[in-house]
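If you want the building blocks of each chain, they are given just below.
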Amino acid sequence: MSRRDDVTRVRADPSDDAEGDPLADTEGGTVAEFTGPDLTPADVFSLLGNDTRLDILRALLELGAGEEPVSFTDLFERVDVADSANFSYHLQRLTGHFVKQTDDGYRFRHPGRKVISAIFAGTLTDRAQLGFFAVEGRCYDCGGALHGWYVDDTLTVGCTDCAAIQVSYPFPSGGLDDRTTEEVMDAFHHYVRHHYCLAADGVCPECTGETETAVARAGDDTDLDVAVRYTCRRCGYRLRSPVGVALLDDADVLTFHAEHGVDLGTERFWTFDWCVSDERTTVLSADPLRVRVDIPCGDDELRVVVDDELSTVDATVANRLGQ
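Just so we're clear, the structure is a prediction, and the values are computed from it rather than from any experiment. (Residues numbered from 1 in each chain as written. Predicted model: local features only at pLDDT ≥ 70, side-chain atom pairs only at ≥ 80, totals over all residues. Heavy atoms only, no water.)

**A word on the overall build of the protein chain**
Then, number 1: For the protein chain, the count of helices and strands is eight helices and 13 strands.
Then, number 2: Taken over 323 residues, the protein chain has a buried fraction of 38%.
Then, number 3: Relative to all contacts within the protein chain whose residues are 6 or more apart in sequence, the contacts with residues 24 or more apart total 42%.
Then, number 4: Surface summary for the protein chain: the accessible area is close to 17900 Å², and the carbon and sulfur share equals 45%. (Helix = DSSP H or I, 4+ residues; strand = E, 2+ residues; numbered from the N terminus. Buried < 20%, exposed > 50% of the residue type's maximum accessible area, 1.4 Å probe, protein only. Contact = heavy atoms within 4.5 Å. Areas by Shrake-Rupley, 256 points an atom, 1.4 Å probe, with all protein chains shown as cover.)

**Focus on the pairing of strand S2 (residues 105–108)**
Then, number 1: Bridge analysis of strand S1 (residues 99–102) against S2 gives four bridges, and the strand direction is antiparallel. Counterpart to Gln101 in the pairing with S2 is Tyr106. (Pairing = 2+ DSSP bridges.)

**Overview of the packing of aromatic side chains**
The description of an aromatic ring pair uses the distance of the two centres, along with the angle that the planes make with each other.
Then, number 1: On inspection of all chains with the given rule, the structure shows eleven aromatic pairs.
Then, number 2: Ring geometry for Phe132 against Trp149: centres 5.4 Å apart, planes inclined by 85 degrees, an arrangement best described as edge-to-face. Taken as a pair, Phe132 in strand S3 (residues 130–138) and Trp149 in strand S4 (residues 145–151) lie far apart in primary sequence, 17 residues in all.
Then, number 3: For Trp149, a relative accessible area of 21% puts it in the partly exposed group.
Then, number 4: These aromatic residues form a ring-pair network of at least three members: Tyr169, Phe171, Phe188, Tyr191, Tyr196, Phe269 and Trp270. (Phe/Tyr/Trp six-rings, centres within 6.5 Å; stacked < 30°, edge-to-face > 60°.)

**Notes on helix H7 (residues 251–259)**
Then, number 1: Turning to H7, its buried residues number three or more, namely Val253, Phe256 and His257. The buried residues of H7 occupy an angular sector of 90 degrees when the element is viewed end-on, so they sit on one face. Opposite the buried face of H7, at more than 90 degrees from it, the exposed residues are Ala251, Ala258 and Glu259.
Then, number 2: Buried residues along H7 sit against helix H8 (273–276), strand S11 (289–297), strand S12 (300–306) and strand S13 (312–319). (Arc of directions from axis to C-beta.)

Laid out in structure tokens, this is it:
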């Protein structure tokens, strides 16, 4: 089904009076009809395949068009185009989908801001490479030291001794700019953690569409016995992770660590073996599927049991020394 034919339901407060509303669902919430995009993908690439239009978008960014409108005069003076009629033509081609025209001037619409941000981030244009460097943490498999490297737009952390991969994830090359390797790894931690937590909350990290979550036996193409799979119903984005990393934003897990003086928001997730491997994951039953993750911290251990939709079935704390 194309997005032109899609209808997205957005529920309002159930207490709102929807009587007589033609866009009311059976549960009493208001629904908004998504009418489809104004442009096809081919139209978008055609519009952006012009240096002057990209210069206009760049100028809008530099002039702060995300916060307040920019006048035609200010924009024209910023772009290297001698003919005002030619400039006006290209600006009007962007107006509507990428740029909004108001009485006070021109400002970004969200697609225009996203396009120029992707260009500045290097997502669409740059190629970068970063050789081996030391990374905090120990290998979950052999206890060896870790190192990181950046190739083909992906940042990877692996073991120097046994070559086990702790984490490998696409990372925009802009994340390398003006940062030490320590700062890069901090940014990487927050970026990847944010993506996993968004997906676990049902929000696609790519398009913000609705994601479906399923816990299932992993295939032969992975070292994992069981994994969490996220699939976006809107754009088809797919993400797979160990069960542990999907619990980084779980209330019981956050509280357990906070009570032991550990902030999971800042501690790099690959330093926890329960996040990046099956080392502490046990399949309790197949039908219905029940999976337990044993999460140690200090002398205690939080044992979280989830079902096939990643919903917590049980969470108990045990003393590791008194098992």
